[in-house]
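Structural overview
Spelled out, the chains give:
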Amino acid sequence: MYSIATILILVAIAVGLVRAFRGPTLFDRVMAGNMIGTLTVLLVAVLGFMNGRPEFLDIALVYVLISFVSTIAVLRVYVSRHGDPDSD
Amino acid sequence: MLDMLLDILSWILLLGGALFLLTGAIGVLRFPDFYSRLHAVSVCDTLGAGMVLLGLMLQGGLTLVTVKLMLIFYFMVFSGPTAVHALAEAAQVSGLDPVEDDPEDG
């Protein structure tokens, strides 16, 4: 049961990687990065259940916040450098 | 009898969530425009993750594991839409305008 879910999540991560490489704009890549981040959280949680190791969930919990903060950070840096001068 | 029922229910939820993740990922790949892809990402994040985590919660039973899974889901529900909003706002500020007509179907 867990192995099927793990394989599906890995395929979803691969599809996210394809979008990350192909994405024309930076925002596609940041979006793909954010998606792969949450998929990794789920992968770690499922693997923690598969191997019977409950402490994996702490890693997944921390990684949710890290991936969120990293998305906001990348966007903030990009907008501060390339934002339109006329927008508020 | 009850735990057999719980196993089947968590099995269905887990695989349903994984399938939703896959459809969200394929949606991210195939949508023509950045803003429509944002929709696919948020669907994939909140719904697919919610079902997978719910399926794991049923497996975990009433222990600390379920509390951690709820915390993960709690942060995911808050951080997902916020990140997608920040993405859309940053794209809008930087002058990325949505594609009005789909180029493929002319």
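In what follows, the structure referred to is the one given above.
Computed from a prediction, not measured in an experiment: that's the story for all the values here.

Observations concerning the interface of chain B and chain A
Of the residues lining the interface, 43 residues belong to chain B; the matching set on chain A comes to 43 residues. Taken together, the two surfaces of chain B and chain A that pack against each other cover about 3,800 Å², and 83% of this comes from carbon and sulfur. For chain B, the biggest contributors to the area lost against chain A are Leu29, Leu87 and Val93 of chain B; these three give 15% of the whole. Taken together, the links from chain B to chain A amount to two salt bridges. One salt bridge connects Lys68 of chain B with Asp58 of chain A, and the closest N-O pair in it is separated by 3.0 Å. Along the contact surface separating chain B from chain A lie four residue pairs in polar contact (both at pLDDT 80 or more). Only helix 1 (2-30), helix 2 (34-60) and helix 3 (64-93) of chain B provide two or more residues apiece to the side of chain B that touches chain A. At 15 residues, helix 3 of chain B tops the list of elements feeding residues into the side of chain B that touches chain A. Broken down by class, the residue content of the side of chain B that touches chain A amounts to 33 nonpolar, seven polar and three charged.

A look at the side chain of Thr71 of chain A
Topologically, Thr71 of chain A is positioned in helix 3 (residues 56-82). Given the relative accessible area of 4%, Thr71 of chain A is considered buried. Filtering out sequence-adjacent residues up to four positions away, Thr71 of chain A remains in contact with Val30 and Asn34 of chain A together with Ala83 of chain B.

What counts and what doesn't
- Residues numbered from 1 in each chain as written.
- Chains lettered and ligands numbered in written order.
- Predicted model: local features only at pLDDT ≥ 70, side-chain atom pairs only at ≥ 80, totals over all residues.
- Heavy atoms only, no water.
- Contact = heavy atoms within 4.5 Å.
- Buried area = accessible area lost by both parts, 1.4 Å probe.
- Salt bridge = Lys/Arg side-chain N within 4 Å of Asp/Glu carboxyl O.
- Polar contact = N/O pair within 3.5 Å; in protein donor to acceptor, adjacent residues only side chain to side chain.
- Helix = DSSP H or I, 4+ residues; strand = E, 2+ residues; numbered from the N terminus.
- Nonpolar A, V, L, I, M, F, W, Y, C, P; charged D, E, K, R; others polar.
- Buried < 20%, exposed > 50% of the residue type's maximum accessible area, 1.4 Å probe, protein only.

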